[in-house]
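Per-entry structural report
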Amino acid sequence: MDKRSKILLKTLVEHYISDGQPIGSRTLLQRSGLDVSSATIRNVMSDLEQLGFIASPHTSAGRVPTQKGYRLFVDSLLTVKPLEDQILAQIQTGLSTPNPSELIANAADMLSQLTQFAGVVMTPKRKRIAFKHLEFLTLSDKRILVIIVTSDGNVQNRIILTEKPFSPSELTQAGNYFNEHFSGHTFEEVQQKLHAELKQMQNDMNQLMTAALEASSKKANDDGVVIAGERNLLQVDDLSTNVSSLRKLFEIFERRTSLMQLLDNSQRAEGIQIFIGGESGYLPLDECSMITAPYEADGQVVGTLGVIGPTRMAYERVIPIVDVTAKLLSNALSAQ
């Protein structure tokens, strides 16, 4: 593609993102600043359409960018704007809490508020943490509260159900066994040791300890996704008319499994990732785009955050918001 064609495509995409209306050759000529004839503009637009970068809606003689056109635009033609000081200060304020869980929730809220789209943050994967102390308490005949104190001072409470009741003395015996034999080990190490040692223990005690281990392991590896502002997408004209597809998108928000896969893949990549339309393989809308960036703690990538919105979004504005939020969240988590 020659320089003139790139200028016209860039102008067309920017104008469409701004106004949401198909662009005709006369408007494109006025906006591009090129000293060429209207006939030349029409010829170039025809070439761009044949190449699949733009399309002509049935209701208009103007053109709109296709998914392929958006991809070329963000890869080669986009000029990213610096983040305004006011927005930078807003993100810094939102990520000033010392609580890690609040940091994650606030990051999702910031992304949503600043873009008016859906903000998504994959929560950090927990490190391999050793437990320091474990205690069983009876709640009812077959419901037992497991209190787990980890080496980093975190206290986790889990409720487990057993097939038979246990007396207080049996629960004390089980807790003492765990604390005597496994204190200071990670849950993975405990699991390996238990496979060898549980064979030698009574069946009832076996059941109790296995249930406790599963409960603690589940808590220790409880990774998820925090989403904020998904209802903003109902206000986007490009999406609100596509009710059936919106329903599929909200089903993904509810399940979150597909989002986790997408964010997990993004985490392995470096820097900003932009998924347009069906490129991600997970988002059901051709009219949706997702911009993601990995974030770190102490130099290690621990999660991914991003924004889901329409393909007709102001990429030059959203990209730095995602990028800066990821960097500031990394700084905040590393300072914990």
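It should be noted that the structure appears before, not after, this text.
Everything numeric in this text was worked out from a predicted model, so none of it was measured. (Residues numbered from 1 in each chain as written. Predicted model: local features only at pLDDT ≥ 70, side-chain atom pairs only at ≥ 80, totals over all residues. Heavy atoms only, no water.)

1. Here we look at the overall build of the protein chain
Formally: Secondary structure elements are defined from DSSP: runs of H or I of at least 4 residues count as helices, runs of E of at least 2 residues count as strands, and each element is numbered from the N terminus. We call two residues in contact whenever any of their non-hydrogen atoms come within 4.5 Å of each other. Here the Shrake-Rupley method, with its probe set to 1.4 Å, supplies the accessible areas, and only the displayed protein chains count as covering residues.
On a plain count of helices and strands, the protein chain comes out with 13 helices and ten strands. For the protein chain, the proportion of contacts with a sequence separation of at least 24, taken over those separated by at least 6, is 60%. Carbon together with sulfur atoms contributes 46% to the accessible area of the protein chain, which is approximately 17100 Å² in total.

2. Side note on the pairing of strand S5 (residues 143–150)
To be explicit about the condition: Only protein chains enter the accessibility calculation, which uses a 1.4 Å probe; a residue whose area is less than 20% of its type maximum is buried, one above 50% is exposed, and one in between is partly exposed. In short, DSSP must find at least two bridges between two strands for them to pair.
Burial analysis of S5 places six of its eight residues in the buried class, which makes it a mostly covered element. As defined by bridge partners, strand S4 (residues 131–138) adjoins S5 across seven bridges and the pair is classed as antiparallel. Opposite Leu134, over in S5, you have Ile148 as the bridge partner. Between S4 and S5, which pair antiparallel one after the other, the connecting turn spans four residues. As paired strands, S5 and strand S6 (residues 155–161) are joined by seven bridges and run antiparallel to one another. The partner of Ile147 across the bridge, within S6, is Asn157. Here S5 folds back onto S6 in antiparallel fashion, the turn holding four residues, of which Gly153 has a positive phi close to 90°.

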